[in-house]
Amino acid sequence: MNVLDVIGQLINTTLVFSTALIFAALGGMYSERSGVVNIGLEGLMVSGAFAAAVATEYAIQAGMGNVSPWIGFIAAGIYGVLVSLLHAISTITFRADQTVVGVVINILSLGLSLYLTKSLYAGSGQTPLLENVFHKWQIPFLSDIPLLGKAIFTAYPTTYIVIALAFISYFVLFRTPFGLRLRAVGEHPSSADTVGISVTKYRYIGVLLSGALAGLGGATITLTTTSSFAHNTISGQGFIALAALIFGKWNPLGVVGAAMFFGLAQALRSFMQRFEFAQQIPAEFFYMLPYILTLIVLAGAVGRSNAPSALGQPYDPAKR
């Protein structure tokens, strides 16, 4: 295998690992742009991964064939919305501490998903391996381009979807009245309320969108990488997505770049072990690499990142 082939495979693998992170980070962006901290991305991804595995398995049993993964994908988004509704009610309606609720979402999602998995599959801690999952699509003509063809234009459908969503999100956030209002309730909720913008409504929308997108991120891992759900399917991807959100400065395009950076770290974990010199390095080091980079990036980026002004602050109309 020549150098160009290695580079092409590295880029393609980076896209595979980045896709789920972009979904979740975009979801977190909508929530936090509305002023609601969402550290529950990990739990929402777990919920989505579980829902996708179960829904796809039942769809396969019903004889739906290649449509099954799409049913699981949609089910993951819906289930993510339902789980995030708990976050929204707690933090927006009852003004509970947003960080604490996020931690609860993470713990509850993992525990509930494992309990339901064991209940549905005779005590097994893992869902059955799915016979029908997503396969990579080749874009006609573009996939024939040297290097870039196999690297970028031969990818899972979820990758194409999330890149399109990133550009759509950028347009929605910065070029539409909806985006302006969403950002307004995250920056100056009292001012937004004064001009008739419902802070509660837009914060609910932001949190529910975060649940849907993070759920799709979890589904992406189940339907492209693991083909099943278990307790370690997500393994901290939600926290890496949160780091990508901060590193990307709550901007959709910045989020994509940051997620690609973390995706590259995970891709390197797989590729470095192929080389002879890497055999002398403990495998645990490569598994630690994405999380070490997450800590380094957060340590360097948090102080310089400009979060929405009202992020984490419950809004009380009586005190405006």
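For the structure itself, consult the block above.
Attention in this report is confined to the structure presented alongside it. The shown structure was predicted, so the numbers you read here are calculated from the model rather than taken from an experiment.

1. Quick look at the overall build of the protein chain
The helix and strand tally for the protein chain stands at 12 helices and two strands. The order of α-helices and β-strands along the protein chain, N terminus first, is α-α-α-α-β-α-β-α-α-α-α-α-α-α. Summarising its shape, the C-alpha atoms of the protein chain cover approximately 65 × 45 × 40 Å along the three principal directions. Scored against the burial criterion, the 320 residues of the protein chain give a buried share of 51%.

2. Examining helix 4 (residues 98-120)
Given a rise of 1.5 Å per residue, 23 residues ought to cover 33 Å, and the 32 Å separating the end C-alpha atoms of helix 4 matches this to within 8%. Every buried residue of helix 4 is accounted for by Gln98, Val101, Gly102, Ile105, Asn106, Ser109, Ser113 and Thr117. Of the surrounding elements, those touching the buried residues of helix 4 are helix 2 (41-61), helix 3 (68-93) and helix 10 (237-247). Here helix 4 starts with a cap whose side-chain oxygen sits 3.0 Å from the backbone nitrogen of Thr99, and that cap is Asp97. One or two positions beyond helix 4, positive phi appears at Ala122, with a value near 50°.

3. Looking at the nonpolar core
Grouped together as the largest cluster of nonpolar side chains are 67 residues, with contacts concentrated most on Leu26, Met45, Phe73, Leu223, Leu245 and Phe262. At 11 residues, helix 2 tops the list of elements feeding residues into this core. If you look at the next biggest cluster of nonpolar residues, it comprises five residues, including Val36, Ile92, Tyr204 and Val207.

4. Here we look at the environment of Ala241
When you line up the elements, Ala241 lands in helix 10. Each C-alpha atom of the pair Ala241 and Thr159 lies 15 Å from the other, and the pair is 82 residues apart in sequence. Residue contacts for Ala241: discarding those within four places in its chain leaves Leu21, Ala24 and Ala25.

5. Examining the packing of helix 2 against helix 3
Direction vectors running N to C along helix 2 and helix 3 enclose 140°, while the axes themselves pass 7 Å from each other. Here helix 2 runs over helix 3; the crossing is right-handed. Between helix 2 and helix 3, the residues in contact are Leu44, Ser47, Gly48, Phe50, Ala51, Ala52, Ala55, Thr56, Ala59 and Ile60 and Ser68, Pro69, Ile71, Gly72, Ala75, Ala76, Tyr79, Gly80, Val83 and Ser84, respectively. Across the contact of helix 2 with helix 3, the residue classes break down as 13 nonpolar, seven polar and no charged.

The rules we used
- Residues numbered from 1 in each chain as written.
- Predicted model: local features only at pLDDT ≥ 70, side-chain atom pairs only at ≥ 80, totals over all residues.
- Heavy atoms only, no water.
- Helix = DSSP H or I, 4+ residues; strand = E, 2+ residues; numbered from the N terminus.
- Buried < 20%, exposed > 50% of the residue type's maximum accessible area, 1.4 Å probe, protein only.
- Expected span 1.5 Å × (residues − 1).
- Contact = heavy atoms within 4.5 Å.
- Polar contact = N/O pair within 3.5 Å; in protein donor to acceptor, adjacent residues only side chain to side chain.
- Core = buried A, V, L, I, M, F, W, Y, C linked by side-chain atoms within 4.5 Å.
- Axes fitted to C-alpha atoms, helices over the stretch in contact; angles between N-to-C directions.
- Left-handed = near helix turned anticlockwise from the far one by under 90°.
- Nonpolar A, V, L, I, M, F, W, Y, C, P; charged D, E, K, R; others polar.

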